[in-house]
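Commentary on secondary and tertiary structure
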Amino acid sequence: MSLPENPKLMSIRTFLKRKAEFPPGFKLVFTNGCYDVLHPGHVDLLKRARALGDGLILGLNSDESVKMLGKGDDRPLNTQEERAYVLAALECVDYIVIFHESTPFELIKGVRPQVLVKGGDWEVDKIVGREIVEKAGGEVLSLPLLEGYSTTAFLEKVKNG
């Protein structure tokens, strides 16, 4: 069974065409991740990221990219299309672009957001793309995580019953 069309999921080329139509002063926020098993911590971070600007673009790790990160042979549990479909249901996510590299560096270079956001487990100086955003006058933020939620912890809980 195939999933219904996902209008928020697009190629970088399609996104850049849309971005060219943004009004002057439009503040674009970027974040990225695997989002393999969506949990309250993810939703909280995405809502707070979206509140920082006029639109949120989410760089989603492709299935191959998740494997490159060494999250385990059984990951991702959900395909990139399934993950994108679930994320698109969130009102706070405006655009989703899947990237195939181990980091979103090239995607950030193309998107050129005004705000780059990661979760609090990332130190600002270690966030991929920081230099690009700061050089353009944008800001890079590490937002506090909603305590007690992580995909790894969730999967351990399921595994151990």
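Residues numbered from 1 in each chain as written. Predicted model: local features only at pLDDT ≥ 70, side-chain atom pairs only at ≥ 80, totals over all residues. Heavy atoms only, no water.

**What to know about a nonpolar patch on the surface**
A cluster of nonpolar side chains, Leu3, Tyr85 and Val86, forms an exposed patch at the surface whose accessible area comes to about 250 Å². For Leu3, the location among the structural elements is in the segment before α1 (12-19). Taking the relative accessible area as the measure of exposure, Leu3 reaches 39% and is therefore partly exposed. (Patch = residues over 30% accessible without salt bridge, like charges linked within 9 Å, V, L, I, M, F, W, Y side chains within 5 Å. Areas by Shrake-Rupley, 256 points an atom, 1.4 Å probe, with all protein chains shown as cover. Salt bridge = Lys/Arg side-chain N within 4 Å of Asp/Glu carboxyl O. Helix = DSSP H or I, 4+ residues; strand = E, 2+ residues; numbered from the N terminus. Buried < 20%, exposed > 50% of the residue type's maximum accessible area, 1.4 Å probe, protein only.)

**Thoughts on the side chain of Asp36**
Mapped onto the secondary structure, Asp36 falls in the loop between β1 (28-33) and α2 (40-50). When its relative accessible area of 2% is taken as the criterion, Asp36 is described as buried. Of the polar contacts made by the side chain of Asp36, one reaches the side chain of Arg75; its length is 2.6 Å. A distance of 2.8 Å separates a polar atom in the side chain of Asp36 from the backbone nitrogen of Leu77. With residues near it in sequence (within four places) discarded, Asp36 still touches Arg75, Pro76, Leu77, Asn78 and Arg83. (Polar contact = N/O pair within 3.5 Å; in protein donor to acceptor, adjacent residues only side chain to side chain. Contact = heavy atoms within 4.5 Å.)

**Regarding the pattern of salt bridges**
Applying the stated criterion across every chain, the model contains eight salt bridges. Residues Arg83 and Asp63 are paired through a salt bridge, measuring 2.8 Å at the closest nitrogen-oxygen approach. Highlighted residues: Arg83 in helix α4 (residues 80-88) and Asp63 in helix α3 (residues 63-68), separated in sequence by 20 residues. By relative accessible area, Arg83 is classed as buried at 2%. Taking the relative accessible area as the measure of exposure, Asp63 reaches 19% and is therefore buried. In this structure, Glu131 and Arg130 form a salt bridge, with 3.6 Å as the shortest nitrogen-oxygen distance.

**Some details on α2**
Among all positions in α2, only Gly41, His42, Leu45, Leu46 and Ala49 are buried. Looking down the long axis of α2, one finds its buried residues gathered within 125 degrees of arc, a one-sided arrangement. (Arc of directions from axis to C-beta.)

**Description of the side chain of Thr31**
Within the secondary structure layout, Thr31 lies in strand β1. For Thr31, a relative accessible area of 1% puts it in the buried group. Residues contacting Thr31, with those up to four places away along its chain left out, are Leu46, Leu56, Ile57, Leu58, Gly59, Val117 and Lys118.

**Let's talk about the packing of aromatic side chains**
Taken as a whole and judged by the stated rule, the model has four aromatic pairs. Judged by centre distance (6.1 Å) and plane angle (75 degrees), the ring pair of Phe15 and Phe22 falls under edge-to-face. Here the aromatic rings of Phe15 and Tyr95 are separated by 5.2 Å at their centres, their planes lie at 70 degrees, and the arrangement is edge-to-face. In this pair, Phe15 is assigned in helix α1 and Tyr95 in strand β3 (residues 95-99), connecting sequence segments 80 residues apart. Assigned by exposure class, Phe15 and Tyr95 land together as buried. Feature note: the residues Phe15, Phe22, Phe26 and Tyr95 constitute an aromatic cluster, connected by ring pairs. (Phe/Tyr/Trp six-rings, centres within 6.5 Å; stacked < 30°, edge-to-face > 60°.)

**A few points about the sheet that holds strand β5 (residues 139-143)**
Reading across the sheet, the five strands line up as β3-β2-β1-β4-β5 and stay open at both edges, with parallel pairing between neighbours. Of all the strands in the sheet, the pair left with one neighbour each is β3 and β5. When the angles between neighbouring strand axes are averaged without regard to direction, this sheet yields 25 degrees. Lying over the sheet, α1 contacts β1, β2 (55-61) and β3, oriented at roughly 145 degrees with respect to β3. Across the face of the sheet, α2 comes into contact with β1, β2, β4 (115-119) and β5 while running at roughly 140 degrees to β2. (Pairing = 2+ DSSP bridges. Axes fitted to C-alpha atoms, helices over the stretch in contact; angles between N-to-C directions.)

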